[in-house]
Amino acid sequence: MTSFDAPTLIATKRDGHRLPDAGIDWLIEGYTAGLVAEEQMSALLMAIYLRGMDAAETVRWTSAMIASGERMDFTDLRRDGKPLKTVDKHSTGGVGDKITLPLVAVVAACGAAVPSASGRGLGHTGGTLDKLESIAGFEVALSTARLREQLAGVGAAVFAAGALAPADAKLYALRDVTATVESLPLIASSVMSKKLAEGTAALVLDVKVGSGAFMRSAEQAGELAQMMVGLGAAHGVATRALLTEMSTPLGCAVGNAIEVAEALEVLAGGGPDDVVALTLRLAQEMLTLAGIDGVDPAQTLRDGTAMDRFTAMVAAQGGDLGVPLPVGACTETVTAQRGGVMGDIDAMAVALAAWRLGAGRSRPGERVQHGAGVRIHRRPGDPVAAGDTLFTLYTDTPERTAPALAELGGGYCVGDTPPQPRPLIIEATP
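Okay, so let's go over this structure. No experiment lies behind these values; they were computed from the predicted model shown.

When you go through the chain residue by residue, the secondary structure sums to 16 helices and 15 strands. Over its C-alpha atoms, taken along the principal directions, the chain stretches across nearly 75 × 50 × 40 Å. Burial statistics for the chain: of 430 residues in total, 53% are counted as buried. In the chain, the proportion of contacts linking residues at least 24 apart, taken out of those at least 6 apart, comes to 79%. Carbon and sulfur atoms form 54% of the exposed surface of the chain, whose accessible area is close to 17,000 Å². Counting 36 positive and 49 negative side-chain charges, the chain places the averaged centre of each group 2 Å from the other.

Structure, rendered in structure tokens:
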């Protein structure tokens, strides 16, 4: 049996060489078990950040992270004696990105099963679990047996990753404090290890591009998308990616409960046009990839079947939509100083304002305010009169308002001409 040690593997990557497959397996297993020191893994992460990993290394690194925990299998999932096809979506993180909430319900209403392992927000991007936990009683920790039962009955579940790829949870926390988050192989393997471990047969990736995304350029986002699609293929999961716009917030709500309310508007047949359009496009991509034909995702919003699936999912996970969603006790409005046309709204400025208000966290484990957030009353291109309300800010702690207003201040303008429209879908992988 070949033996390895951390200093030799660090030096291998430091000097620009490929890590051996068995060495990667040993390293991830040892780090998960606490046998490889944090200092050693920190050094290796920085070497990877500087030297990169080739495609084969990244595949092996991802496989080792999947092997660090449970890998679910839903190939035998059935409803009424018929096989159920599984498919999921992952977003690389955006502002106002509540798409998972209506999307899982729409796709479930079309006949697929959606096992969606999700995360919490950190920094400027919101977390799907934080949003759903603003619903009274909603539980995100599901046993495998309960998850299987819910998928067979309801067709959708949004849950905490738990035992899936525990190596990734440790590595992500370490990357966050060692300035190695931006490494594309590490991002790709982090995302895909959890999604491949959740047992879905098909996966659609929503790779965000713009000021409110981790990937600022379409070129960099495209490289990440291709890398993740390759990892999916290498692990036998049909995978497709879309590059989507994230320079402007999605919809009119940024926060937790405020985004749930907007998702419910979409499920009721209304909601902002961009949220509806992206939900339906991703739903169609998911259904096509899963091999489900002859259904119209938009019909599920018109006839209420998507809303039925969402309410059933919430009830199955202990949630009570009859309890009013929380709203921050302190509000502040931002009004237009002049008339004209609403210009671009910078997604990062709005995200940081919501974070300052308490909607996000600055370190893992910190509590979020479910009622905090920002409501956008005028979208880019909308007419504006002097005195019109442009934004409403919500928080439970009034001392947070001034810092939030400072973040928001330079993130919008009212001018004389409408801004240049940006396409919602930038590119799709072949």
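Let's pick the thread back up.
Attention now moves to the packing of helix H3 (residues 38-51) against helix H8 (residues 166-177). Packed helix pairs are characterised by how far apart their axes lie and by the angle those axes make with each other. H8 packs onto H3 with a crossing angle of 70° between their chain directions and a minimal axis gap of 10 Å. Accordingly, the angle class assigned to the pair H3 and H8 is roughly perpendicular. Contacts between H3 and H8 involve Glu38, Met41, Ser42 and Leu45 from the former and Lys170, Leu171, Leu174 and Arg175 from the latter. Residues belonging to the contact of H3 with H8 are distributed by class as follows: 4 nonpolar, 1 polar and 3 charged.

Let us now look at the packing of aromatic side chains. Overall, the coordinates contain 1 aromatic pair when judged by the stated rule. Ring centres of Phe391 and Tyr412 lie 5.0 Å apart, and the angle between their planes is 65°; on these two criteria the pair is classed as edge-to-face. Placement of the pair is Phe391 in strand E13 (residues 389-395) and Tyr412 in the loop between helix H16 (401-409) and strand E14 (414-415), with a sequence separation of 21 residues. The class for Tyr412 is partly exposed, based on a relative accessible area of 23%. Above the ring of Tyr31, the side-chain terminus of Lys170 is found at 4.2 Å from the ring centroid.

Turning our attention to the layout of surface pockets. Using a probe with the size of a water molecule, rolled over the atoms, empty space left in the structure can be pinpointed. Considered as a void within the structure, the largest pocket measures approximately 1,300 Å³ in volume. Lining the largest pocket are 46 residues, with Ser118, Gly119, Arg120, Tyr172 and Lys194 positioned closest to its centre. Secondary-structure elements contributing two or more residues to the lining of the largest pocket are strand E3 (87-91), strand E4 (114-118), helix H6 (128-132), H8 and helix H9 (184-197). Split into classes, the residues belonging to the lining of the largest pocket amount to 18 nonpolar, 17 polar and 11 charged. Surrounding the second largest pocket, 16 residues form its lining, Glu245, Thr248, Arg379, Pro380 and Arg422 being those nearest its centre. Class assignment for the residues of the lining of the second largest pocket results in 7 nonpolar, 3 polar and 6 charged.

Another point: unusual backbone geometry. Positive phi outside glycine occurs at Asp80, with the angle close to 55°. When its relative accessible area of 74% is taken as the criterion, Asp80 is described as exposed. Located in the positive-phi region is Ala165, a residue other than glycine, with phi close to 45°. Inspection of the secondary structure puts Ala165 in the loop between strand E5 (156-160) and H8.

Here the focus is the sheet that holds strand E12 (residues 383-384). Pairing is antiparallel across the open sheet formed by 3 strands, whose spatial order is E12-E10-E14. Of all the strands in the sheet, the pair left with one neighbour each is E12 and E14. The pairing of strand E10 (residues 340-342) with E14 spans 2 bridges and is classified as antiparallel. From the neighbouring strand, Met342 faces E14, where its bridge partner is Val414.

This part covers the side chain of Glu57. With respect to the helices and strands, the residue Glu57 is situated in helix H4 (residues 55-67). Once residues within four sequence positions are removed from consideration, Glu57 is found in contact with Lys13, His17, Arg18, Leu19, Ile24 and Gly52.

On to the nonpolar core. Formed by 69 residues in total, the largest nonpolar core has its most connected members in Val107, Phe310, Val374, Phe391 and Leu393. In terms of residue count, the dominant contributor to this core is helix H12 (residues 273-290) (8 residues). Apart from the residues within four sequence positions on either side, Val107 is in contact with Val87, Ala112, Val114, Ala283, Met286 and Leu287. Grouped together as the second largest cluster of nonpolar side chains are 35 residues, Ile66, Ala161, Leu184 and Leu203 included.

Conventions used here
Residues numbered from 1 in each chain as written. Predicted model: local features only at pLDDT ≥ 70, side-chain atom pairs only at ≥ 80, totals over all residues. Heavy atoms only, no water. Helix = DSSP H or I, 4+ residues; strand = E, 2+ residues; numbered from the N terminus. Buried < 20%, exposed > 50% of the residue type's maximum accessible area, 1.4 Å probe, protein only. Contact = heavy atoms within 4.5 Å. Areas by Shrake-Rupley, 256 points an atom, 1.4 Å probe, with all protein chains shown as cover. Lys, Arg positive; Asp, Glu negative; His and termini not counted. Charge placed at Lys NZ, Arg CZ, Asp CG, Glu CD. Axes fitted to C-alpha atoms, helices over the stretch in contact; angles between N-to-C directions. Parallel < 35°, antiparallel > 145°, perpendicular 65-115°, else oblique. Nonpolar A, V, L, I, M, F, W, Y, C, P; charged D, E, K, R; others polar. Phe/Tyr/Trp six-rings, centres within 6.5 Å; stacked < 30°, edge-to-face > 60°. Lys NZ or Arg CZ within 6 Å of the ring centre and 35° of its normal. 1 Å grid on protein atoms, 1.4 Å probe; cavity = no way out; pocket = protein on both sides within 12 Å on 5 of 7 lines; lining within 4 Å. Points joined across faces, edges and corners; volume = space filled by probe spheres on them. Pairing = 2+ DSSP bridges. Core = buried A, V, L, I, M, F, W, Y, C linked by side-chain atoms within 4.5 Å.

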